[in-house]
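For reference, the chains in residue letters:
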Amino acid sequence: MQIPTVGFLASYARLDQLPSYSFPEVAFAGRSNVGKSSLINALVFQRALAQVSSTPGRTRTINIYPVNGEWMLVDLPGYGYAKVSKQQRTQFRQLLMGYLLERPQLALACLLVDSRHDPTADDCALIEELELHHRTYAVILTKADALSPAAVDERHHQLRHLVQHCTGCVDVLVTSARTGLGRTQLWGCIRRTLAQYHHRRTST
Ligand SMILES: Nc1nc2c(ncn2[C@@H]2O[C@H](COP(=O)(O)OP(=O)(O)OP(=O)(O)O)[C@@H](O)[C@H]2O)c(=O)[nH]1
Ligand SMILES: [Mg+2]
């Protein structure tokens, strides 16, 4: 695979600060500590493009990374982190949901779910919201290296079953940022979705 050219555009703490270009965006969302920033780094073969931390709640802004001058990778703040104030949690949630449900440039939302655990109530609520808003999304299981292949298969089956009637879900993928598992499949999913996004825009 050709190594992509990736940069850093900026971090945004407010929705009204986001740029209004015509580049499509692929965003990584999911509960705090699920591995969003790590998977972004693995996807583009970088060690420290997006900040990774063992402390949950690390990513607090919307961070945008241009890829090959063609599209934007977007790292989002995580949800479900208990150790922030109620006011901060509401703020993060408004930023996240405002972005995921209303951003016109969003071509694909990658919803990351920890393969070691059942999807949380927040994960399921987000899937419902994405469906209601007719967004295109993929469910991405993370940290598959931490489980046996049989347990990963079981979780994969569970998540495919969960979204079997969802019209906006284009894929359910198994990944590990640590081993690179699923990277090729994730690239395939992104390429297909971007092609469809361009097709939709030029045919309307
Ligand atoms: N075993 C394993 N651990 C991982 C993997 N990906 C991430 N981690 C670990 O999970 C922790 C959180 O990773 P991050 O990438 O910072 O997670 P995040 O979702 O961006 O977290 P927030 O920004 O806090 O929402 C770190 O300790 C990572 O080393 C993986 O594929 N396998
Ligand atoms: Mg992060």
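Residues numbered from 1 in each chain as written. Chains lettered and ligands numbered in written order. Predicted model: local features only at pLDDT ≥ 70, side-chain atom pairs only at ≥ 80, totals over all residues.

Draft legend 1. Layout of the overall build of the chain. Across its full length, the chain carries 5 helices and 7 strands. In sequence order, the chain lays out its α and β elements as β-β-α-β-β-α-β-α-β-α-β-α. Here the C-alpha radius of gyration of the chain, 16 Å, is about what a compact globule of 204 residues would show, namely 17 Å. Among the 204 residues that make up the chain, the fraction classed as buried is 38%. (Helix = DSSP H or I, 4+ residues; strand = E, 2+ residues; numbered from the N terminus. Rg over C-alpha atoms; globule rule 2.2 N^0.38 Å. Buried ≥ 20, exposed ≤ 12 C-beta atoms within 10 Å, placed from the backbone.)

Draft legend 2. View of the site of ligand 1. Taken together, 23 residues surround ligand 1, and among them G35, S37, S38, T59 and G78 come closest. Among the elements that take part in the shell around ligand 1, helix α1 (residues 36–43) stands out by supplying 3 residues, more than any other. Of the residues contributing to the shell around ligand 1, the split by class is 5 nonpolar, 13 polar and 5 charged. (Near = placed C-beta within 6 Å. Nonpolar A, V, L, I, M, F, W, Y, C, P; charged D, E, K, R; others polar.)

Draft legend 3. Region of the structure containing the pairing of strand β2 (residues 25–30). Burial analysis of β2 places 6 of its 6 residues in the buried class, the great majority of the element. Along β2, one buried face is formed by E25, A27 and A29 and the opposite face, lined by V26, F28 and G30, is buried too. Direction of pairing for β2 relative to strand β4 (residues 71–75): parallel, over a ladder of 4 bridges. Looking across to β4, one finds that A27 is bridged to V74. Sheet topology note: the β2/strand β5 (residues 106–114) ladder contains 6 bridges and is parallel. What sits directly across from V26, in β5, is L108. (Pairing = 2+ DSSP bridges.)

Draft legend 4. Layout of the sheet that holds strand β3 (residues 62–67). Overall, mixed pairing links the 7 strands, which are arranged β1-β3-β4-β2-β5-β6-β7 in an open sheet. What marks the edges here is a single partner per strand, and that holds for β1 (10–12) and β7 (169–174). Averaged over all pairs of adjacent strands, the angle between their axes in this sheet comes to 25°, without regard to strand direction. Running at roughly 140° to β2, helix α2 (residues 86–102) makes contact with β2, β3 and β5 of the sheet. Each of β2, β5 and β6 (137–142) is contacted by helix α3 (residues 121–132), which is oriented at about 160° to β5, the strand it contacts most. (Axes fitted to C-alpha atoms, helices over the stretch in contact; angles between N-to-C directions. Contact = placed C-beta atoms within 7 Å.)

Draft legend 5. Geometry of α3. For α3, with 12 residues, the first-to-last C-alpha span of 17 Å sits near the 16 Å given by 1.5 Å per residue. Of the residues making up α3, those classed as buried are D123, L126, I127 and L130. When α3 is viewed along its axis, its buried side chains cluster within an angular range of 105° and face the same direction. The exposed residues of α3 that point more than 90 degrees off its buried face are A121, A125, E128 and L132. Residues of α3 that are buried in the fold lie against β2, α2, β5 and β6. (Expected span 1.5 Å × (residues − 1). Arc of directions from axis to C-beta.)

Draft legend 6. Main features of the nonpolar core. In terms of nonpolar packing, the biggest core is built from 51 residues, with A27, A29, A109, C110 and L111 touching the most fellow members. Element by element, the count of residues in this core is highest for β5, at 8 residues. Excluding residues that lie within four positions of it along the chain, A27 makes contacts with V74, L76, L100, L106, A109 and C110. (Core = buried A, V, L, I, M, F, W, Y, C linked by C-beta atoms within 7 Å.)

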